Structures are given as C-alpha cells and as structure tokens.
Amino acid sequence: MLLTGFGFVLFLISVFLLVFGIVALVVAATAREDAYRAADKRTKKFWVAILAAVVAVNVLPIVGFPLPLSTMFQIAGLVGTIVFMVDVRPAVRAVSGGGGFGRGRRRGGGGGSSSDGPYGPYNGRR
C-alpha cells in the first residue's frame, strides 16, 4: 500500500486518533469504579465501552477495512475521547487522590490549605 500526499496525512491522523483512544481507554480501565460514582460521572463500564468502541472504529481503517462513513465515526469517537479526557478524567483523579506530574507533594512538606496561594499562605491584607 503506497500512501502519498493527502492519503498519508489521513493515515497519520488515523494513527493519532487510535493512540489517543488507546490512552483514554487505558486511563478509564485503570481508574477505580467507586471514583466514578464519587465524582458523579457515568459508570466505569460505560466509559470503557465507549472508549473500546472508539478504538475499534479507529483501528479498522488503519488495518485496511474502511467503514462507510468512517470519518464521521472517527469524529464522533474523537468527541467522546475528548469529553472523557477533559471532563471525566480530572474529576475521577481529584476524587481518587491521583497526582500527576507537577502535582502531589508541596515543597516544604506541608499539606497545604485551601487558602494557600502559589507562593505560600494567603494572609489577607496584613
């Protein structure tokens, strides 16, 4: 299969969508079930099923089995993946206490307060 020009660009976009969907699926599958309920989001089974369908829709054109209207399905899958990564994932991480790069421990070893600013505690106009 020789891809040139625009076909190669579409292939790269399809690969990106597939990788993005796989990452979201792994994140959804590794999160705790109770964190979804505590964050008041849909269930873990719902998000894993949606993201598994997204991965399936994105893998078919890459392996050479184009679907009719596959671009429409890929766009719908991208929307679902973005919703998960932007809305559900941060809420689930906040509930489950998940850190990340640049999060977690504060410098100085303190736990921090809700009134802390970026450079220490906020003391009002003192």
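Note that the structure is a prediction, hence the values are computed from the model and not measured.

Asker: An account of the overall build of the protein is needed here, citing residue identities and associated values.
Answerer: Helices and strands together make up the secondary structure of the protein, namely 4 helices and 2 strands. Beginning at the N terminus, the succession of helices and strands in the protein can be written as α-α-α-α-β-β. For the protein, the share of sequence-separated contacts (at least 6 apart) that also reach a separation of at least 24 residues comes to 61%. Carbon together with sulfur atoms contributes 65% to the accessible area of the protein, which is approximately 9000 Å² in total.

Asker: Could you give an account of the packing of aromatic side chains, with specific residues and numbers?
Answerer: Taken as a whole and judged by the stated rule, the model has 3 aromatic pairs. Their ring planes at 85 degrees and their centres at 5.3 Å tell us that F46 and W47 sit as a pair that is edge-to-face. Aromatic pair W47 and F84: ring centres 5.6 Å apart, planes at 50 degrees, arrangement tilted. On the criterion of sequence distance, the pair formed by W47 in helix α3 (residues 44-62) and F84 in helix α4 (residues 70-96) is long-range, its members being 37 residues apart. Note on F84: relative accessible area 2%, which makes it buried.

Asker: A description of the nonpolar core should follow, citing residues and the corresponding values.
Answerer: One recurring pattern in soluble globular proteins: nonpolar side chains tend to sit buried together. Within the largest apolar cluster, 12 residues are counted, these being A24, A28, A31, A35, Y36, A39, W47, L51, F84, M85, V88 and V92. Put simply, the parts of the chain that give this core at least two residues each are α1 (6-30), α2 (33-38), α3 and α4. It is α4 that provides the largest number of residues to this core, a total of 4 residues.

Asker: Can you break down a nonpolar patch on the surface residue by residue, with the values?
Answerer: A contiguous nonpolar patch, built from F6, V9, L10 and I13 and spanning about 380 Å² of accessible area, is present on the exposed surface. Here F6 lies in helix α1. On the accessibility criterion, F6 (61% relative accessible area) is exposed.

Asker: Go over the pattern of salt bridges, please, and point to the residues and values.
Answerer: Scanning the entire structure with this criterion turns up 3 salt bridges. The salt bridge partner of R37 is E33, with a shortest N-O separation of 3.7 Å. Taken together, the positions of R37 and E33, both in helix α2 and 4 residues apart, correspond to about one turn of that helix. Measuring nitrogen to oxygen at the nearest pair gives 3.1 Å for the salt bridge that ties K41 to D87.

Asker: Summarise unusual backbone geometry; cite the residues concerned and give the values.
Answerer: In this structure, D40 takes a positive phi of about 60 degrees despite not being glycine. Looking at the secondary structure, you find D40 in the loop between α2 and α3.

Asker: Please give an account of α1 that cites residues and values.
Answerer: For α1, with 25 residues, the first-to-last C-alpha span of 36 Å sits near the 36 Å given by 1.5 Å per residue. Among the residues of α1, S14, L17, L18, G21, A24 and A28 are the ones counted as buried. Looking at the packing, one finds that the buried side of α1 touches α2, α3 and α4.

Cut-offs used in this document
Residues numbered from 1 in each chain as written. Predicted model: local features only at pLDDT ≥ 70, side-chain atom pairs only at ≥ 80, totals over all residues. Heavy atoms only, no water. Helix = DSSP H or I, 4+ residues; strand = E, 2+ residues; numbered from the N terminus. Contact = heavy atoms within 4.5 Å. Areas by Shrake-Rupley, 256 points an atom, 1.4 Å probe, with all protein chains shown as cover. Phe/Tyr/Trp six-rings, centres within 6.5 Å; stacked < 30°, edge-to-face > 60°. Buried < 20%, exposed > 50% of the residue type's maximum accessible area, 1.4 Å probe, protein only. Core = buried A, V, L, I, M, F, W, Y, C linked by side-chain atoms within 4.5 Å. Patch = residues over 30% accessible without salt bridge, like charges linked within 9 Å, V, L, I, M, F, W, Y side chains within 5 Å. Salt bridge = Lys/Arg side-chain N within 4 Å of Asp/Glu carboxyl O. Expected span 1.5 Å × (residues − 1).

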